Amino acid sequence: MDRQQPLSTNKDSGTATNLDVDRSQQYEIRIRGHLDERWSDWFGGMAITLDDDGDTLLTGPVVDQAALYGLLRKVRDAGMSLYSVNPVEPDK
Amino acid sequence: MGSAYITSSLKQQTGLLYDCPMPTPILATKLYLPPVRSKFVARPRLIQRMDEGLDHKLTLISAPAGFGKSTLASEWVTASGRPAGWLLLDEGDNDPTRFLAYLVAALKTVTDKTGPTTFGAEVLGLLESPQPAPTESIVTALLNEIAAIPENFILVLDDYHVIDTEPANSALAFLLEHLPPQMHLVITTREDPNLPLARLRVRNQLTELRAADLRFTPSEAATFLNQVMGLSLTEADVSALEIRTEGWIAGLQLAALSMQGRADTASFIQSFTGSHRFVMDYLVEEVLHQQPESIQTFLLYTSILDRLCGPLCDAVLNGGADSSAAQSGQEVLAYIEQANLFLVPLDNERRWYRYHHLFADLLRQRLYQRAALSPDDEPGVALLHIRASQWHEENGSTADAVRHALAADDFERVARLAELAWPAMDGQFQSAAWMEWVQRLPDDLVRARPVLCVAYAWAYLNAGEMEAGAVWLRDAERRMDTSPPASESDDRPMVVVDEKQFQTLPASIATAWAYIAQARGDIPSSVTHAQRALDLLPEDDYLRRGPAAGLLGLAQWTIGDLEDAYRTIAHAMATFESIGSVVFALSGTFGMGDIRVAQGRLREAIGVYARAKELADRLGEPAPPGTADIHLGLSKIYREQGLLEAAEEEMQKNEALGEKAALGDWPYRLRRAQAQVKVDEGDLDGALALLDEAARLYYPTPVPDLRPIGALKAQVWLAQGRLADAQAWAVERGLSVNDELSFLHEFEHIILARILMAQNQNGPAVALLERLLQAAERGERRGSEIEIRVALALAHQAQNEIPAALAVLARALDLAEPEGYVRIFVGEGDPMRILLEEAAAASISPVYVGRLRAAFGEPEVSAPVNQPSNQPLVEPLSDRELDVLKRLGSELSGPEIAETLMISLNTLRTHTKNIYSKLSVNSRRAAVSQAQELGLL
C-alpha cells in the first residue's frame, strides 16, 4: 500500500486530495436515512449532520485510504445505503 | 496428548525432533447448516432460479446485511436434497492455511455423511508440514480429492465478505477455476468477491441473486407480516411498510417485532413511515421497548459475545453471583429465539447461538451509550468483558478469554493467561497466535514476568527471529538475577504465575541459548548451554530434557563427535519413548542411522532402522511420520552394499508411504537419494535435475547438512568431465587445500581433492586427503575413512605409486569387508577395477576383492542408457501420455506438470513410466530427445 503517495489532485475543483500521513483529508460521506448521534462513535468520531432530504452527512478527518475503506466497510456492515463520498476543504 | 506438552519449539525446526502434526482446531459451530424455521416465507421464484443454476459452477448471493442471504441459501440447500457442506467464515479465515483447513472440514461433512472417510488427509498433511507447500499445490491436491467424491454436492461459503486478503481469495479463485463437475459452490457476501465474475457470466457458469432479487415483494411482505409474524395488517399497511423498508427483510422483521402485542399498529406505521430516521435506528429502539426490562438488559449485555450459551450469558449478567434472575440464560436464549429476535442457533442441541451481526452491532452501540450515560448503575462494558473472560478461562477456552481481556484492556489478566497457556500452545504449534497476544502488552509488564519473558523469547525463536528472542532472554536473566537491585528504574516486583515453569526457568533459558548458538553456527557454545540445561534439570524431567538433549546431540554430531552424539540422541529418543511419545522417538532414527553410516557401521545402522520399524509397526495404521524415512535409510544402505533389488524394494516402500508418513525434510532427502540412483545408473543429467530439485526443497534445520547439494553436483560434474563447473563451485565456496578441517566440511574437501585429481594435481590432492584421513581416524569415522582412502588410493595410482596405493586401499578393504561395502569401490569404475586387479595379484583380502571384482561387470554390461532406437513405436502413446510428453520437454518440474494437467503426482509417475517403457528410455531427457527423433514432439 503506498500510503505516502499522493493519489490524485482534482485540478478542476481545486480540491486537494493528497493523502499525507501527517495531514488528514477531510471527507464527507452521505448516507440515506437519519442516523442517531450514537453512530458517531461507530464511525470513529465523525461528525453527524442530518439534512432535510432525509440523508446523513458524516464529516471528519480521514487519515489515509486504508482508513477511508475502513469507514466504507462500516457503512456496509451497518446495512446502510451509501450515496456519495467526497473530499472537502476543511472549515468549509 | 503427551507430545502436546513437550514445550520446546525445537521439534518445529528440526528434522530430528520431528514435529508431530497438530490439526488446526476446528469449531463445529462454523460448519453448522442453519436450520430452516418452521414458519417461513416460501420464495419459489428464487428457489427455481437457484435450481436452474445447479449445473453452473457458482451461485453468488450478494447483497447488504439483513437481506436474508444465509436464510435463502440454507432453505435452498435443505430443499435441494443434495448433500451439502456449510462454512461460516470469519476474519481468521484470511489465513489461507486456516481457510483451507476449514474448507476441508466442511467438505468432510459431505463425504462423511455415509460413514467416516479419509477425505482431506493428504491436504491436511500438506497444510501441517513445517514448510507448507505453495497454496496452489495444496488446492490442487484438494481438487484431486474432490474429483474422487462419487456424488454431486453443494458447498456454501457464508459471509465471504470477511475474506479480504489475496492468498485466501486466490486459493478460492483457483479452486473455482478448476472446480470438478460434481461440486456446486454457493457464496453469500455483502460485497462482490474478487473472483473472475465477468468471465463466469460470459461462460454461463454463474447464477446471481442480488439485493433487487432478494428484497421482499409486496406479496412476500404480506405473507411474512401476516402469516409468519402473526399480524393482521391491511394491504395499504403492508405496502407502506414495504416502501419504507424498500423490502429490506431485516427492517420488515424489526417492524413486525415492534408491532407484535401493540394495539395501534396503524399509528406505529404512520410514525415509522413518516420518519426519516435510519430504519434500523428507529426499529431497534422500538423492538427493545417492546421487551421487558430484563430482556433488554440481557440483549445489551450479551451483545459483546461472538457466540452465546446459557451459562456464559449467566456469567456476563451476574458475574457469577448467585443467580437472582427469574430466568436462566438458557431460558432467555430460548425465549429470544422463539421471539425471532435475530438469534441464530449454531448447533442441533441449541447450546450455542449467535446474534445476527447487524443486530449485535446495534445492540452494542446502545450498550456503550447506556454505560456512558449512567456509569453508576451500569457494570461498565469492561467489567462485562472481564466476566466473559473469566467464564471462558474456567471453561478452557483461553483464546476467547484473552480476546475479552484485551477488549477490557486488562493487561495483567492477559499476561497471566498467556503465561499459563504457553506450554500447551507451544506444544500445538500455536506460538504465532500466542505471540500476537503478548505483543499487545506493554513491555514493562512483560519484563516483570520472567516466565513470560522466556516464553516470549521462545515464540520469537520459533518465528526464526533470533535477535528479538535473545533480547527477551536477557530481560528474563536480569529479572532472575538475585544480586542487589540494579540502580535502574527497573524496580517493578517480579511476578510469577506459573510456579512450575518458573522452577525450570534457568534450564529453559540455557536451552534457548543453545538453540540460538546452534542457529548461529556457534557449535561450542551450543554444547556448553545444552550441557548446562541438562545439568540443571532433574533426571526425571523428561519433557525438558528431551529438547536439550536433542540440541546437544545435534551439536556433537555437527562437530563430528559421533559416539557422544549417538549416545545423546539415543538417550533423548528413549526418553521420548518412555513418556509415550513414539512419534518423537521415531524422529531420531534417521540421525542415528546417518551417524552409524558415517562411522562405517552399516550393519548397526540397519539395526537402528529395524528397531525403529518395530516401534512404528506398534503404532499401526496409518503409518506414523518417520516410517517412510526408515525405508529410505535402508534403501541407501542396501545400495551401498550392492544389494540393488533390496534397495529398490525399500525405495518403493518409501515412496508408497510418501510424505504423509515422513519427516519434514523428507522431500529433500528423497531427491538426493534418487539422484544417487541416477548416478549409479549412469544418467548424470537426470541426477543433476534431481539435485536441483532437492536444492529448491532444502531449508536449513539444526540437523547438519553434511553433504551439501553444491558438493554433490560438483561430484556429478566431475563424472561428466565438466571440470570448469566443478572448479567454479570450489572457488565460490572458497575452498582451499590449506583450510582448517572440520567434520561439517569434510565432504566438500573430499570433492576438492577430487577436483585436484581431475586437474592432475595429485600432489596437493594427496596432501589434503592425508590430512582428512588423519582427522577421520581421530574421530573414528570409519565410513569417512573408507571414502577418503578410496580417493587417496586412486591419487597414488594416478602418480604410478602402486605400492602406496595398495597400502592405502588394503586398510580400506579391511574396514569395509565386514560391513559389506560394494558401491563405494565399484562406483569408481575402471581405475578402481585395475587397482583391485593389482590387489588380487598381491593377495590382499582375496575373498572380498574377488567379490568386488565380480560386482564390477554387471552395471557396465547391462546399463541400458539411452539406447538409440529408430524403430517406430510398437505401442503408440495415448493422448494423455502425449500431453505429459510435451510437458516433459519443458522446464516444468514433476509437481508442476501434475498441476497443469490436474492429475496427482502418482498418476503422473504412471504416465511417465509408460512413456519411458514405450520409448525404451529411462530418463526424462532421453524421452524428450527420443520423442524428437521420432517426430512425436
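Residues numbered from 1 in each chain as written. Chains lettered and ligands numbered in written order. Predicted model: local features only at pLDDT ≥ 70, side-chain atom pairs only at ≥ 80, totals over all residues. Heavy atoms only, no water.

**Things to note about the overall build of chain A**
Turning to step 1, where the next piece is worked out: Looking only at helices and strands, chain A features two helices and six strands.
Turning to step 2, where the next piece is worked out: In chain A, the succession of helices and strands from N to C terminus is β-β-β-α-β-β-α-β.
Turning to step 3, where the next piece is worked out: Here the contacts in chain A between residues at least 6 apart in sequence split such that 56% fall between residues at least 24 apart.
Turning to step 4, where the next piece is worked out: When the accessible surface of chain A is split by element, carbon and sulfur atoms take 47% of a total near 5300 Å². (Helix = DSSP H or I, 4+ residues; strand = E, 2+ residues; numbered from the N terminus. Contact = heavy atoms within 4.5 Å. Areas by Shrake-Rupley, 256 points an atom, 1.4 Å probe, with all protein chains shown as cover.)

**Re the overall build of chain B**
Turning to step 1, where the next piece is worked out: A count of helices and strands for chain B gives 50 helices and seven strands.
Turning to step 2, where the next piece is worked out: Expressed as a percentage of its 937 residues, the buried residues of chain B come to 54%.
Turning to step 3, where the next piece is worked out: The long-range share in chain B, meaning contacts at least 24 apart out of those at least 6 apart in sequence, stands at 69%.
Turning to step 4, where the next piece is worked out: On chain B, roughly 40000 Å² of surface is accessible, and the fraction owed to carbon and sulfur atoms is 51%. (Buried < 20%, exposed > 50% of the residue type's maximum accessible area, 1.4 Å probe, protein only.)

**Some details on the sheet that holds strand 4 (residues 47–50) of chain A**
Residues and elements named next belong to chain A.
Turning to step 1, where the next piece is worked out: Pairing in this open sheet of four strands is antiparallel, and the strands run 4-5-3-6 from one edge to the other. Each of the sheet's edge strands pairs with one partner strand only, and the pair in question is strand 4 and strand 6 (82–88). Ignoring which end each strand starts from, the neighbouring axes of this sheet average 20 degrees apart.
Turning to step 2, where the next piece is worked out: Alignment of strand 4 against strand 5 (residues 55–62), held across four bridges, turns out to be antiparallel. Bridging across to strand 5, Leu 50 finds its partner in Thr 56.
Turning to step 3, where the next piece is worked out: Along the sheet, helix 2 (residues 65–77) contacts strand 3 (25–32), strand 5 and strand 6; its crossing angle with strand 3, the most-contacted strand, is approximately 15 degrees. (Pairing = 2+ DSSP bridges. Axes fitted to C-alpha atoms, helices over the stretch in contact; angles between N-to-C directions.)

**So, the interface of chain B and chain A**
Turning to step 1, where the next piece is worked out: Contacts between the two partners involve 17 residues from chain B, matched on the other side by 17 residues from chain A.
Turning to step 2, where the next piece is worked out: Summed over both partners, the interface of chain B with chain A comes to about 1600 Å²; 46% of that surface belongs to carbon and sulfur atoms.
Turning to step 3, where the next piece is worked out: Sorting the residues of chain B by area buried against chain A places B:His276, B:Phe278 and B:Gln365 first, and these three jointly supply 37% of that buried surface.
Turning to step 4, where the next piece is worked out: Put simply, chain B and chain A have six salt bridges between them. (Buried area = accessible area lost by both parts, 1.4 Å probe. Salt bridge = Lys/Arg side-chain N within 4 Å of Asp/Glu carboxyl O.)

**Description of the sheet that holds strand 4 (residues 183–189) of chain B**
Residue and element names in this part refer to chain B.
Turning to step 1, where the next piece is worked out: Read across the sheet, five strands follow the order 2-3-4-1-5 without closing on themselves; strand pairing throughout is parallel. At either end of the open sheet lies a strand with only one pairing partner, and these are strand 2 (84–88) and strand 5 (206–210). Between one strand axis and the next, the sheet turns by 15 degrees as a mean value, whatever way the strands run.
Turning to step 2, where the next piece is worked out: As defined by bridge partners, strand 3 (residues 153–158) adjoins strand 4 across five bridges and the pair is classed as parallel. What sits directly across from Val 156, in strand 4, is Val 186.

**Quick notes on the pattern of salt bridges**
Opposite charge on two side chains allows them to pair when their charged atoms are near.
Turning to step 1, where the next piece is worked out: If you walk through the whole model with that rule in mind, you get 66 salt bridges over all chains.
Turning to step 2, where the next piece is worked out: For A:Arg76, the salt bridge is made with A:Asp77, and the minimal N-O distance between the two is 3.0 Å.
Turning to step 3, where the next piece is worked out: Given the relative accessible area of 12%, A:Arg76 is considered buried.
Turning to step 4, where the next piece is worked out: A salt bridge links B:Arg639 to B:Asp680; the nearest nitrogen and oxygen atoms lie 2.9 Å apart. Of this pair, B:Arg639 sits in helix 34 (residues 627–640) while B:Asp680 sits in helix 36 (residues 666–681), placing them 41 residues apart in sequence.
Turning to step 5, where the next piece is worked out: If you follow the salt bridges from partner to partner, you end up with A:Asp36, A:Arg38, B:Arg277, B:Asp281, B:Glu285 and B:Arg366 in one network.

**So, the side chain of B:Glu242**
Residue and element names in this part refer to chain B.
Turning to step 1, where the next piece is worked out: Inspection of the secondary structure puts Glu 242 in helix 11 (residues 235–245).
Turning to step 2, where the next piece is worked out: Summary of buried charges: Glu 242 has no salt-bridge partner, and the nearest side chain of opposite charge, Arg 215, is 6.3 Å away.
Turning to step 3, where the next piece is worked out: For Glu 242, the contacting residues outside a window of four places in its chain are Phe 216, Thr 217, Pro 218, Ala 221, Gly 247 and Leu 252. (Lys, Arg positive; Asp, Glu negative; His and termini not counted.)

**As for unusual backbone geometry**
Residue and element names in this part refer to chain B.
Turning to step 1, where the next piece is worked out: A positive phi angle, close to 55 degrees, is found at Arg 350, a residue other than glycine.
Turning to step 2, where the next piece is worked out: Tracing the chain through its elements places Arg 350 in the loop between strand 6 (343–345) and strand 7 (353–355).
Turning to step 3, where the next piece is worked out: Judged by relative accessible area, which is 30%, Arg 350 ranks as partly exposed.

**A closer look at the nonpolar core**
Turning to step 1, where the next piece is worked out: Formed by 144 residues in total, the largest nonpolar core has its most connected members in B:Trp434, B:Trp557 and B:Phe825.
Turning to step 2, where the next piece is worked out: Those residues in contact with B:Trp557 that sit more than four places away from it in its chain are B:Leu562, B:Ala565, B:Ile569, B:Gly591, B:Asp594, B:Ile595, B:Val703, B:Pro704, B:Leu706 and B:Phe743.
Turning to step 3, where the next piece is worked out: A:Leu71, B:Ile47, B:Leu214 and B:Val228 belong to the second-largest nonpolar core, a separate cluster that totals 103 residues. (Core = buried A, V, L, I, M, F, W, Y, C linked by side-chain atoms within 4.5 Å.)

**Describing the packing of aromatic side chains**
Two aromatic rings, taken as a pair, are described by how far apart their centres are and by the angle between their planes.
Turning to step 1, where the next piece is worked out: Applying the stated criterion across every chain, the model contains 16 aromatic pairs over all chains.
Turning to step 2, where the next piece is worked out: Chaining the aromatic ring pairs together yields one cluster made of B:Trp422, B:Trp434, B:Tyr456, B:Tyr460 and B:Trp472. (Phe/Tyr/Trp six-rings, centres within 6.5 Å; stacked < 30°, edge-to-face > 60°.)

**Description of the state of the cysteines**
Residue and element names in this part refer to chain B.
Turning to step 1, where the next piece is worked out: One pass over the full model with this rule turns up zero disulfides over all chains.
Turning to step 2, where the next piece is worked out: Free of any disulfide, Cys 313 has its nearest neighbouring cysteine sulfur in Cys 309, separated by 6.6 Å.
Turning to step 3, where the next piece is worked out: Residue classification places Cys 313 among the buried positions, given a relative accessible area of 0%. (Disulfide = S-S within 2.5 Å.)

**What about helix 41 (residues 762–778) of chain B?**
Residue and element names in this part refer to chain B.
Turning to step 1, where the next piece is worked out: Its 17 residues place the ends of helix 41 24 Å apart at the C-alpha level, agreeing with the 24 Å of an ideal helix rising 1.5 Å per residue.
Turning to step 2, where the next piece is worked out: Burial in helix 41 covers these residues: Asn 762, Ala 765, Val 766, Leu 768, Leu 769, Leu 772, Leu 773, Ala 775 and Ala 776.
Turning to step 3, where the next piece is worked out: Directly after helix 41, the chain includes Glu 780, whose backbone phi takes a positive value near 50 degrees. (Expected span 1.5 Å × (residues − 1).)

**Comments concerning the environment of B:Gln674**
All names here are of chain B.
Turning to step 1, where the next piece is worked out: Looking at the secondary structure, you find Gln 674 in helix 36.
Turning to step 2, where the next piece is worked out: Distance from Gln 674 to Leu 691, taken between C-alpha atoms, is 8.7 Å for residues 17 residues apart in sequence.
Turning to step 3, where the next piece is worked out: Once residues within four sequence positions are removed from consideration, Gln 674 is found in contact with Met 651, Glu 655 and Leu 690.

**Let's talk about the packing of helix 4 (residues 96–111) of chain B against helix 6 (residues 135–147) of chain B**
All names here are of chain B.
Turning to step 1, where the next piece is worked out: The interhelical angle for the contact between helix 4 and helix 6, taken along N-to-C directions, is 5 degrees, at an axis separation of 12 Å. Taken as axis vectors, helix 4 and helix 6 run roughly parallel relative to one another. In contact with Leu 100, Leu 103, Val 104 and Leu 107 of helix 4, helix 6 contributes Thr 135, Ile 138, Val 139, Leu 142 and Ile 146.
Turning to step 2, where the next piece is worked out: In terms of residue class, the contact of helix 4 with helix 6 is made up of eight nonpolar, one polar and no charged. (Parallel < 35°, antiparallel > 145°, perpendicular 65-115°, else oblique. Nonpolar A, V, L, I, M, F, W, Y, C, P; charged D, E, K, R; others polar.)

**As for the packing of helix 34 of chain B against helix 35 (residues 644–657) of chain B**
All names here are of chain B.
Turning to step 1, where the next piece is worked out: Where helix 34 meets helix 35, the closest approach of the two axes is 8 Å, and the angle between their N-to-C directions is 160 degrees. As the angle between them shows, helix 34 and helix 35 are arranged roughly antiparallel. The chirality of how helix 34 crosses helix 35 is left-handed. Along the contact surface, helix 34 presents Thr 627, Ala 628, Asp 629, His 631, Leu 632, Leu 634, Ser 635, Tyr 638 and Arg 639, while helix 35 presents Leu 644, Ala 646, Ala 647, Glu 650, Met 651, Lys 653, Asn 654 and Leu 657. (Left-handed = near helix turned anticlockwise from the far one by under 90°.)

**A word on the confidence of the model for chain B**
Residue and element names in this part refer to chain B.
Turning to step 1, where the next piece is worked out: Taken residue by residue, chain B gives an average pLDDT of 86. The fraction at 70 or more is 92%.
Turning to step 2, where the next piece is worked out: Residue range residues 1–23 is modelled with pLDDT below 50. Its contacts to residues more than four positions away, or to other chains, number 89 contacts.
Turning to step 3, where the next piece is worked out: Under a pLDDT of 50 for its full length, residues 858–871 has, in the predicted model, 14 contacts with residues more than four places off or in other chains. (pLDDT = per-residue confidence, 0-100.)

**Focus: the environment of B:Ala816**
All names here are of chain B.
Turning to step 1, where the next piece is worked out: Along the chain, the position of Ala 816 falls in helix 43 (residues 802–816).
Turning to step 2, where the next piece is worked out: Given the relative accessible area of 0%, Ala 816 is considered buried.
Turning to step 3, where the next piece is worked out: Here the alpha-carbon distance between Ala 816 and Gly 783, two residues 33 residues apart in the chain, equals 8.3 Å.
Turning to step 4, where the next piece is worked out: Not counting residues within four places of it along the chain, the set of residues in contact with Ala 816 comprises Ile 786, Tyr 821, Phe 825 and Tyr 848.

**Quick look at the side chain of B:Asp683**
Residues and elements named next belong to chain B.
Turning to step 1, where the next piece is worked out: Within the secondary structure layout, Asp 683 lies in the loop between helix 36 and helix 37 (684–697).
Turning to step 2, where the next piece is worked out: Taking the relative accessible area as the measure of exposure, Asp 683 reaches 9% and is therefore buried.
Turning to step 3, where the next piece is worked out: The contact partners of Asp 683, leaving out residues within four places of it in the chain, are Lys 678, Asn 922 and Ser 923.

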